[in-house]
Amino acid sequence: MEAGPFELQPGDPLNCPVFTGKSVIEFFASNRKVMTRRIYTNRTDSQGVVLFSKGGLTNVPTLQARDMMSSNQY
């Protein structure tokens, strides 16, 4: 599990685009924090995303993941 400091003020919306590729996931938190990690989709422990909140409730009404285009066409 990966974690990092990120704080929202009351009423601030949380915008979290998630991009996935063959072996990478990028998560952007409200254009202020980014997390990029290598993933192995053939492993059962690498097939999900979990969001968690510390110190209060966070409402995430939708979460969309988009496939990234390959940076190497060959």
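Let us look at the structure shown here.

Reading the values: the criteria
Every chain's residues receive numbers from 1 upward, in the order its sequence appears when written. In keeping with the predicted nature of the model, local features appear solely for residues at pLDDT of at least 70, side-chain atom pairs appear and are counted solely at 80 or more, and the whole-chain, interface and lining totals rest on all residues. Calculated side-chain values reflect all of the structure's heavy atoms, with hydrogen atoms and water omitted. Think of a nonpolar core as a cluster: buried Ala, Val, Leu, Ile, Met, Phe, Trp, Tyr and Cys residues, connected wherever their side-chain atoms sit within 4.5 Å. Three exposure classes are used, based on accessible area relative to the maximum for each residue type with a 1.4 Å probe and protein chains only: buried under 20%, partly exposed in between, and exposed over 50%. Runs of H or I in DSSP of at least four residues are treated as helices and runs of E of at least two as strands, each being numbered from the N terminus. Every residue pair with non-hydrogen atoms within 4.5 Å of one another is taken to be in contact.

1. Considering the nonpolar core
Right, so step 1: If you look at the biggest cluster of nonpolar residues, it comprises six residues: C16, V18, I25, F27, A29 and I39.
Right, so step 2: Among the elements that make up this core, the one with the highest residue count is strand β2 (residues 24–29) (three residues).
Right, so step 3: Residues in contact with I39, not counting those within four places in the same chain, are G21, K22, S23, V24, I25 and S46.

2. Details of the environment of T36
Right, so step 1: Mapping T36 onto the fold places it in strand β3 (residues 33–38).
Right, so step 2: Of the residues examined, T36 reaches a relative accessible area of 34% and is grouped as partly exposed.
Right, so step 3: Once you skip the residues sitting within four places of it in the chain, T36 turns out to touch V24, I25 and E26.

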